[in-house]
2 protein chains.
Amino acid sequence: MTSRKGNLMMVRDDIKVVDATIRDGGLCNNFEFTDEFVTELYKTNIKSGVDYMEFGYKASKELFDVKAYGKWKFCDEGDIRAIVGDNISDMKISVMADVGRCDFRKDFLPKEESVIDMVRVACYINQMPAAIEMVEYLHDLGYETCCNIMAVSQSGSDQLEEALAMLADSSVDVIYLVDSYGSLYPENASDMAMKYLAVAEKAGKKVGFHGHNNQNLAFANTIEVLSYGVSYLDATAQGMGRGAGNCAMELLLGFLKNPKYNLYSLLTFIEKYMLPLKKAGVMWGYDLQYMFTGQLNRHPREAIAFTEEKRSDYCEFYKSMLDNF
Amino acid sequence: MTSRKGNLMMVRDDIKVVDATIRDGGLCNNFEFTDEFVTELYKTNIKSGVDYMEFGYKASKELFDVKAYGKWKFCDEGDIRAIVGDNISDMKISVMADVGRCDFRKDFLPKEESVIDMVRVACYINQMPAAIEMVEYLHDLGYETCCNIMAVSQSGSDQLEEALAMLADSSVDVIYLVDSYGSLYPENASDMAMKYLAVAEKAGKKVGFHGHNNQNLAFANTIEVLSYGVSYLDATAQGMGRGAGNCAMELLLGFLKNPKYNLYSLLTFIEKYMLPLKKAGVMWGYDLQYMFTGQLNRHPREAIAFTEEKRSDYCEFYKSMLDNF
């Protein structure tokens, strides 16, 4: 068993905070953020000491109608530059690309022509070969790369070991542990993180964590895995993200001891931009229906539908989930 | 370092779940629950496998005007019996009594005349001698006893060691670790729990945990300390409790592996009784103002006032908290 790195009083210089508000939060509002919102979040993240800001997805324009989504589903170079210029800040910029749902050979410029620094490749475990092909292509273009293996709480441990071994042999920089269904408890999450870390450290790679708040554990799991050496930490303003949402950035910044992280700028952003978003009816966050899917280790799609229909017959919903097991 | 007891797949027969909805939740609505609410919660707790149900406080009628509060601030024997009769169930009944705010010599019957099984004595660390006097008196009357030392996150570790040693020498059955300000992280909470456990186990006593959700960690801290051997676990329906509230019973019941614990009965109670309570304007639960007091390790009183005034100027509030540090 790997031991804890550092303690609750120390700065861990290897930590990188990744703001995924636009990317995961975009799943709650169809990526329809105003330019003012994104610009102010960009400035806020810089002031808060955030290390990476994820602008959204690089989704295929052949698979998805550009008119049906906000622009951050596609993250055109020009749209990012309209916000960040040449991004002269120390904060890096990332985008996510889903295996099978992007045209990576067409839609990525060589790194020296792009303001994007890191590409996060998201895949299911059966898509590992395709993910690695993408990672290698993007690495060769000059980008930092992550691989987020989704839904690992439903994978066998043999399968996961093989996937990690494949990533260890690849050019990927960061391997992400993703608690897609918010089903992990801190004890599971840290056990899994130690598996990821053992493989990654040998191969000179870093490990990241992306939590979901179905059981109110996104923040707890994040700080638990970080204590064992996970260094890339995803968070979003007020936990905005699909379904139960993610680790709240304000909780994470309040926890981290490095004085470069600053809570106050984020609070002003939340007050001015996040509260109106909630008031306008954009929905996310912990509630019983998400707790059920987390406890049952299932995709939140039924719970999201329950939320959108503004239902409150939790018992009926719970019974229907057990019927569909 | 004590190691974890059991694992995530096992039943731990030493676990006792304590429902504190009426007691801690009563701080949100002045203890004004309807008899129907309390009766249905009692029945629900029995069906859910809950081990103890706490009915409220035994507060002094000399210090507090009985007309100004609901009856569960005083927990008269007759009022409890009106709900539970002779309590022929396996579930035990507890009440809380605050050092210095109760008339314990006057207000407790001998155990054989009372339907109450356990008395939880709450005190600040400087009140240990008075707490132990109460514990001994109530123990001699025939009750199981707990001691909840409050606000330990602000106590020196020497002071805490002395308090634990005093309790080890007393007749108390259960020593409670209480995260009064919701300031503990799972790593702190488990370090402290191990201190409590080391002392308690030697003296043949049990350890309990009562969390607060200021940093969304009440459930996470509860399952973390239980993994090290804490066995009495406080929770409330939907986390109802002062300020940010407590560990949610539905999260805890969903986590525990003992088949005696049953989530479904609680869900029907939540749907029928808790949702209307929230709708009627009773306020509790995680929000930024409570996160601040948790992060700053402070009493939530200013955050509760902020909530009651329905303010949303979080930044101003945060600055005022820093000014008053």
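Rules used throughout
- Residues numbered from 1 in each chain as written.
- Chains lettered and ligands numbered in written order.
- Predicted model: local features only at pLDDT ≥ 70, side-chain atom pairs only at ≥ 80, totals over all residues.
- Heavy atoms only, no water.
- Salt bridge = Lys/Arg side-chain N within 4 Å of Asp/Glu carboxyl O.
- Helix = DSSP H or I, 4+ residues; strand = E, 2+ residues; numbered from the N terminus.
- Buried < 20%, exposed > 50% of the residue type's maximum accessible area, 1.4 Å probe, protein only.
- Contact = heavy atoms within 4.5 Å.
- Buried area = accessible area lost by both parts, 1.4 Å probe.
- Nonpolar A, V, L, I, M, F, W, Y, C, P; charged D, E, K, R; others polar.
- Pairing = 2+ DSSP bridges.
- Axes fitted to C-alpha atoms, helices over the stretch in contact; angles between N-to-C directions.
- Phe/Tyr/Trp six-rings, centres within 6.5 Å; stacked < 30°, edge-to-face > 60°.
- Lys NZ or Arg CZ within 6 Å of the ring centre and 35° of its normal.
- Least-squares fit on C-alpha atoms with pLDDT ≥ 70 in both.
- Right-handed = clockwise from strand over helix to strand, strands pointing away.
- Core = buried A, V, L, I, M, F, W, Y, C linked by side-chain atoms within 4.5 Å.
- Arc of directions from axis to C-beta.

**Student:** Whenever I open this one, the pattern of salt bridges confuses me. Can you help?
**Tutor:** Working definition: two side chains of opposite charge can pair if their charged atoms are close together. All names here are of chain A. In total, this model carries 44 salt bridges over all chains according to the counting rule given. Measuring nitrogen to oxygen at the nearest pair gives 2.6 Å for the salt bridge that ties Arg120 to Glu54. Of this pair, Arg120 sits in strand β4 (residues 118–124) while Glu54 sits in strand β2 (residues 52–57), and the two are 66 residues apart along the sequence. Taken individually, Arg120 and Glu54 each receive the classification buried, so the pair is uniform in this respect. In the salt-bridge network here, residues are joined through shared partners; they are Arg23, Asp24, Glu54, Arg120 and Asp234.

**Student:** Explanation requested: the interface of chain B and chain A in the structure shown.
**Tutor:** It is common to give the size of an interface as the accessible area lost on bringing the parts into contact. Listed as interface residues are 39 residues of chain B and, on the opposing side, 39 residues of chain A. Around 3,500 Å² of area is buried between chain B and chain A when both sides are counted, 66% of it from carbon and sulfur atoms. Here Glu187 of chain B and Arg4 of chain A are joined by a salt bridge, their closest N and O atoms 3.8 Å apart. Looking at the side of chain B that touches chain A, the elements that each hand over two or more residues are α7 (186–202), α8 (218–227), α9 (249–255), α10 (263–279), α11 (288–295) and α13 (314–323) of chain B. Tallied by class, residues from the side of chain B that touches chain A come to 22 nonpolar, 10 polar and 7 charged.

**Student:** Looking at this structure, how should I read the sheet that holds strand β5 (residues 144–150) of chain A?
**Tutor:** Neighbouring strands of a sheet are bound in pairs by backbone hydrogen bonds; such pairs are parallel or else antiparallel. Residue and element names in this part refer to chain A. The strand order around the closed barrel built from 8 strands is β1-β2-β3-β4-β5-β6-β7-β8, with neighbouring strands paired in parallel fashion. This sheet shows a mean twist of 25° between the axes of neighbouring strands, independent of strand direction. Across 4 bridges, the pairing between β5 and strand β6 (residues 174–178) is parallel. Across the sheet, Asn148 pairs through a bridge with Tyr176, a residue of β6. The strands that helix α1 (residues 21–29) touches are β1 (16–19), β2, β3 (92–98), β4, β7 (206–210) and β8 (232–235); relative to β2, the one it contacts most, it runs at about 35°.

**Student:** Even after reading the chapter, I still don't get the packing of aromatic side chains, so can you show me in this structure?
**Tutor:** All chains considered together, the criterion is met by 40 aromatic pairs over all chains. Ring plane angle 45° and centroid distance 5.4 Å describe the contact between Phe306 of chain A and Tyr314 of chain A, whose orientation is recorded as tilted. We classify Phe306 of chain A as buried; its relative accessible area is 1%. Relative to Phe317 of chain A, the ring of Phe306 of chain A has its centre 4.7 Å away and its plane inclined at 40°; by these criteria the two rings are tilted. Separated by 11 residues along the polypeptide, Phe306 of chain A in helix α12 (residues 301–308) and Phe317 of chain A in helix α13 (residues 314–323) bring together distant segments of the chain. Neither residue differs from the other here; Phe306 of chain A and Phe317 of chain A are each classed as buried. Members of the aromatic cluster, connected to one another through ring pairs, are Tyr264 of chain A together with Phe292, Phe306, Tyr314, Phe317 and Tyr318 of chain B. Across the ring face of Tyr69 of chain A, the terminal group of Lys73 of chain A is positioned such that the distance to the ring centre comes to 4.5 Å.

**Student:** It is not clear to me how the relation of the copies chain B and chain A should be interpreted in this structure. Could you clarify?
**Tutor:** Comparison of the two chain copies shows a relationship of rotation about an axis with a shift along it. Rotating chain B by 180° and translating it 0.0 Å along the rotation axis places it on chain A, where the RMSD comes to 0.0 Å. The symmetry that links the two subunits is that of a two-fold axis. A shared binding surface is used by both copies, with 100% of the interface residues of chain B retained as interface residues in chain A.

**Student:** Hey, could you run me through the pairing of β6 of chain A in this one?
**Tutor:** Across a regular strand the side chains alternate sides, sitting on one face of the sheet and then on the other. All names here are of chain A. Burial of β6 is extensive: 5 of the 5 residues sit out of reach of the surface. Once the chain exits β5 it traverses helix α6 (residues 157–168) before rejoining the sheet at β6, and the crossover so formed is right-handed. The pairing of β6 with β7 spans 5 bridges and is classified as parallel. Across the sheet, Val178 pairs through a bridge with His210, a residue of β7. The β-α-β motif built from β6, the intervening helix α7 (residues 186–202) and the parallel element β7 has right-handed crossover chirality.

**Student:** Just checking my understanding: could you explain the nonpolar core for this structure?
**Tutor:** If you look at soluble globular proteins, the nonpolar side chains tend to sit buried side by side. Judged by nonpolar contacts, the single largest core of 223 residues is most densely connected at Phe55 of chain A together with Phe55 and Ile149 of chain B. Phe55 of chain B has contacts with Ile22, Val38, Tyr42, Trp72, Cys75, Ile80, Ile83, Val84, Ile93 and Ser94 of chain B, leaving out every residue within four places of it along the chain.

**Student:** So what exactly am I meant to see when it comes to helix α12 (residues 301–308) of chain B here?
**Tutor:** Owing to its 3.6 residues per turn, the α-helix brings residues three or four apart onto one side. Residue and element names in this part refer to chain B. By the burial criterion, the buried members of α12 are Ala303, Ile304, Phe306 and Thr307. For α12, the buried positions fall inside an angular range of 160° around the axis, keeping them on one side. In α12, the exposed positions angled more than 90 degrees off the buried face are occupied by Arg301 and Glu308. On its buried face, α12 sits against α11 and α13. Immediately beyond the C-terminal end of α12, within one or two residues, lies Lys310, with a positive phi of roughly 50°.

**Student:** Explain the environment of Tyr314 of chain A here, please?
**Tutor:** Tracing the sequence through the fold places Tyr314 of chain A in helix α13. Classification of Tyr314 of chain A as buried rests on a relative accessible area of 7%. Placed 26 residues apart in sequence, Tyr314 of chain A and Leu288 of chain A show a C-alpha to C-alpha distance of 7.2 Å. Excluding residues within four positions of it along the chain, Tyr314 of chain A makes contact with Asp287, Leu288, Gln289, Phe292 and Phe306 of chain A together with Glu271 and Leu275 of chain B.

**Student:** Before we go on, may I ask you to explain the pairing of strand β8 (residues 232–235) of chain B in this structure?
**Tutor:** All names here are of chain B. Both faces of β8 are covered, namely the face carrying Tyr232 and Asp234 and the face carrying Leu233 and Ala235. As paired strands, strand β1 (residues 16–19) and β8 are joined by 4 bridges and run parallel to one another. Among the inter-strand pairings, Val17 is bridged to a residue of β8, identified as Leu233. The pairing of strand β7 (residues 206–210) with β8 spans 2 bridges and is classified as parallel.

**Student:** Please clarify how unusual backbone geometry should be interpreted in this entry.
**Tutor:** Most peptide bonds take the trans form, and the phi angle of most residues other than glycine is negative. We note that Asn297 of chain A has phi near 55°; this positive angle belongs to a residue other than glycine. On the secondary structure map, Asn297 of chain A appears in the loop between α11 (288–295) and α12. Positioned with a positive phi, Asn30 of chain B is a non-glycine residue whose angle comes to about 60°. Among the structural elements, Asn30 of chain B can be located in the loop between α1 (21–29) and α2 (35–48).

**Student:** What is the right way to read the side chain of Asp117 of chain A from this model?
**Tutor:** Topologically, Asp117 of chain A is positioned in the loop between α4 (104–107) and β4. Asp117 of chain A sits in the buried class, given a relative accessible area of 17%.

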